[in-house]
Amino acid sequence: MKILQISFLIFFLFSCNSKTEKPVETPVVNNTPQITVPEFIADSAYAFVKAQCDFGPRVPNSKAHIACGDYLIEKMQSWADTVIVQKGIVIAYDGTKLNFRNIISSFNPQAKTRILLFAHWDTRPWADKDINDKDKPILGADDGGSGVGVLMEIARQLKLNKIEIGVDIAFFDAEDWGKEGGGPESEDSYALGTQYWTKNLHVKDYTANYGILLDMVGAKNAQFRFEGLSYERAGSVVQNVWNTANSLGYSNYFIHQDGGWVTDDHVYVNNIGIPSIDIIHSDLSSRNGFPPHWHTHADNMDVIDANTLRAVGQTLLTVLFREKVSS
Ligand SMILES: [Zn+2]
């Protein structure tokens with residue numbers, strides 16, 4: 001990601017909530033069958049984040065990147081019904097040819113009702129926000145590792161617990177080799193794996209009811225706010241996810257507040273007509289809107305907290321299992 005414009009948009013939908021309406025007492029007839037949502041095992045997700053970091057920085061064209069990609073494919077093959085790997089070369093803004101792999105795993109591939117969950121699995125080749133060793137790659141425990149770790153545990157749960165709807169889990173590559181600082185050169189320099197996928201879908205005419213992107217979802221006391229494009233294109237999905245999180249007791253993580261606009265993988269998925277949201281760590285106290293470890297060497301396992309992984313993972317599992325199959 002990552003051009004952030006703090007917009008201070010007022011989400012007037014919320015401010016328009018009428019307080020004059022009296023609650024109407026109606027007897028509730030509950031015909032909905034009891035839905036059992038599997039438990040998200042946070043320690044397992046934590047171990048998946050650590051396993052990625054143990055390979056080292058997952059920078060395209062590096063040995064660690066290849067080894068970690070192999071590991072992700074093997075794991076997903078053990079859980080999902082199908083795993084499709086897209087392989088190729090994309091050209092970075094600085095002319096570097098990046099060997100990439102997009103890893104797309106599916107549950108119930110024939111189901112019409114589909115939800116797409118996605119995260120980037122590569123890590124940034126530089127620590128441009130650090131004071132030291134700016135030219136060395138970051139470990140990316142949070143920025144890269146955390147989203148994938150949460151989605152791996154969701155995949156493991158979907159293997160253990162049958163779900164009715166279709167679920168696709170995409171690990172997109174070559175997200176973070178982008179140009180810092182905005183401007184025309186920076187535009188479209190990130191999310192190269194996702195951009196490739198939107199032009200070369202893994203399945204002909206693929207679509208999903210909606211998409212959810214996870215990016216930096218593992219840090220201690222992380223806060224997630226409404227991202228601008230997510231709200232504009234997929235407001236009902238934002239509401240559903242945030243309300244579900246709140247109902248599960250995760251209000252400290254999922255805050256009903258504007259968090260500004262972020263250019264991230266979800267932009268391109270929205271552009272092909274799949275309404276998609278970005279769950280991304282928002283820090284209003286920093287100038288760029290991201291947490292202090294963002295694009296620094298502090299983005300290592302020390303910042304990762306299993307409680308945050310649980311808040312995100314349990315929320316997503318609940319959203320998935322409450323989703324109804326359309327007839
Ligand atoms: Zn990043």
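The structure contained in this document is the topic of the report that follows.

How each quantity is defined
- Within every chain, residues take consecutive numbers counted from 1 along the sequence as written.
- Predicted model: local features are reported for residues with pLDDT of at least 70 only, side-chain atom pairs are reported and counted for 80 or more only, and whole-chain, interface and lining totals are derived from all residues.
- The numbering of helices and of strands both runs from the N terminus, where a helix is a DSSP run of H or I of at least 4 residues and a strand a run of E of at least 2.
- Residues with at least 20 other C-beta atoms within 10 Å of their own are called buried, those with 12 or fewer are called exposed, and the rest are partly exposed. The C-beta atoms themselves are positioned from the backbone.
- Here contacts are defined at the residue level, using C-beta atoms placed from the backbone and a cut-off of 7 Å between them.
- To form a nonpolar core, buried Ala, Val, Leu, Ile, Met, Phe, Trp, Tyr and Cys residues must be joined through C-beta atoms within 7 Å.
- To estimate the expected span of a helix, subtract one from its residue number and multiply by 1.5 Å.
- Here the arc refers to the set of directions running from the helix axis out to each C-beta atom.
- Should DSSP find at least two bridges between two strands, the strands are regarded as paired.
- Angles here are taken between N-to-C directions and fall from 0 to 180 degrees, while the axes themselves are lines fitted to C-alpha atoms, restricted in helices to the stretch in contact.
- Roughly parallel here means an angle under 35 degrees, roughly antiparallel means over 145, roughly perpendicular means 65 to 115, and every remaining angle is called oblique.
- Left-handed is the label given to a crossing in which the near helix is rotated counterclockwise from the far helix by less than a right angle, and right-handed is the label when the rotation is clockwise.
- Note that Gly is not counted as nonpolar here; it falls among the polar residues with everything else outside the nonpolar set of Ala, Val, Leu, Ile, Met, Phe, Trp, Tyr, Cys and Pro and the charged set of Asp, Glu, Lys and Arg.

### As for the overall build of the protein chain
- Tallying secondary structure elements over the protein chain gives eight helices and ten strands in all.
- Taking all 327 residues of the protein chain together, 49% fall into the buried category.
- Within the protein chain, contacts between residues at least 6 apart in sequence are counted, and of these 80% link residues at least 24 apart.

### What to know about the nonpolar core
- With 84 residues, the main nonpolar core has Leu117, Leu151, Ile154, Leu214 and Ile279 as its most contacted residues.
- Top contributing element to this core by residue count: helix H4 (residues 141-160), with eight residues.
- Beyond its immediate sequence surroundings of up to four residues, Ile279 is in contact with Ile212, Leu213, Leu214, Val217, Phe224 and Val312.

### Details of the environment of Ser62
- Along the chain, the position of Ser62 falls in the loop between helix H2 (42-54) and helix H3 (63-79).
- On the basis of neighbour count, Ser62 is assigned to the partly exposed category, with 18 C-beta atoms found within 10 Å.
- Residues Ser62 and Leu98, 36 residues apart in the sequence, show an inter-C-alpha distance of 9.9 Å.

### Considering H3
- Along its 17 residues, H3 runs 25 Å from first to last C-alpha, staying within 8% of the 24 Å computed at 1.5 Å per residue.
- Along H3, the positions that sit buried rather than exposed are His65, Cys68, Gly69, Leu72 and Met76. Take H3 and look down its axis: the buried residues cluster within an arc of 105°, on one side only. Exposed residues on H3 whose side chains face more than 90 degrees from its buried face are Lys63, Asp70, Glu74 and Ser78.
- Elements that come into contact with the buried residues of H3 comprise H2, strand S2 (82-91), strand S3 (97-107), H4 and strand S5 (166-172).

### Things to note about the sheet that holds S2
- Strands sit in the order S2-S3-S5-S4-S6-S10 across an open sheet of six strands; the sheet is mixed. Whereas interior strands pair on both sides, the edge strands pair on one side only; in this sheet they are S2 and strand S10 (276-280). Looking at each pair of strands side by side, their axes are set apart by 20° on average, direction ignored.
- Sheet topology places S3 next to S5; five bridges connect them, and they run antiparallel. By the bridge assignment, Ile103 is partnered in S5 with Phe171.
- Sitting on the sheet, H4 touches S3, strand S4 (114-120), S5 and strand S6 (210-215), and the angle it makes with S4 is about 145°.
- Against the sheet, helix H6 (residues 228-247) touches S6 and S10, its axis set at about 65° to S10.

### Considering unusual backbone geometry
- At Asp205, a residue that is not glycine, the phi angle is positive and equals roughly 55°.
- Tracing the chain through its elements places Asp205 in the loop between helix H5 (192-199) and S6.
- Despite not being glycine, Met216 shows a phi value in the positive range, around 60°.
- Structurally, Met216 can be placed in the loop between S6 and strand S7 (224-226).

### Side note on H2
- Helix length check: H2, at 13 residues, gives a terminal C-alpha distance of 18 Å against a target of 18 Å (1.5 Å per residue), a fit within 8%.
- Within H2, burial applies to Ala42, Ala45, Tyr46, Phe48, Val49, Gln52 and Cys53. The arc enclosing the buried residues of H2, seen along the axis, measures out at 160°, which places them on a common side.
- Buried residues along H2 sit in contact with H3, H4 and helix H8 (306-322).
- Downstream of H2 by a residue or two, Gly56 has a phi angle that is positive, lying close to 95°.

### Some words on the packing of H4 against H8
- Closest axis-to-axis distance for the H4/H8 pair is 10 Å, and the angle between their directions is 45°. In terms of their interaxial angle, H4 and H8 are classed as oblique. In terms of crossing hand, the pair formed by H4 and H8 is right-handed. Between H4 and H8, the contacting residues are Ser146, Gly149, Val150, Glu153, Ile154 and Gln157 on the first element and Leu309, Val312, Gly313, Leu316 and Leu317 on the second.
- Here the residues of the contact of H4 with H8 are counted per class, giving six nonpolar, four polar and one charged.

### Regarding the packing of H6 against H8
- Interhelical geometry of H6 versus H8 gives an angle of 115° and a closest axis separation of 9 Å. Crossing handedness for the pair H6 and H8: right-handed. Side by side, H6 and H8 meet where Asn240, Val241, Thr244 and Ala245 of the first sit next to Ala311, Thr315, Thr318 and Val319 of the second.
- Taken together, the residues of the contact of H6 with H8 break down into four nonpolar, four polar and no charged.

### Digging into the environment of Gly193
- By the secondary structure assignment, Gly193 is in helix H5.
- We classify Gly193 as buried; it has 30 C-beta atoms within 10 Å.
- Placed 72 residues apart in sequence, Gly193 and Asp265 show a C-alpha to C-alpha distance of 8.7 Å.

### Brief notes about the environment of Leu158
- Topologically, Leu158 is positioned in helix H4.
- When the 22 C-beta atoms within 10 Å are taken as the criterion, Leu158 is described as buried.
- Along the primary structure Leu158 and Ala80 are separated by 78 residues, whereas in three dimensions their C-alpha atoms are 7.9 Å apart.
- Non-local contacts of Leu158, meaning those with residues more than four positions away in its chain, are made with Trp79, Phe107, Ile163 and Val167.

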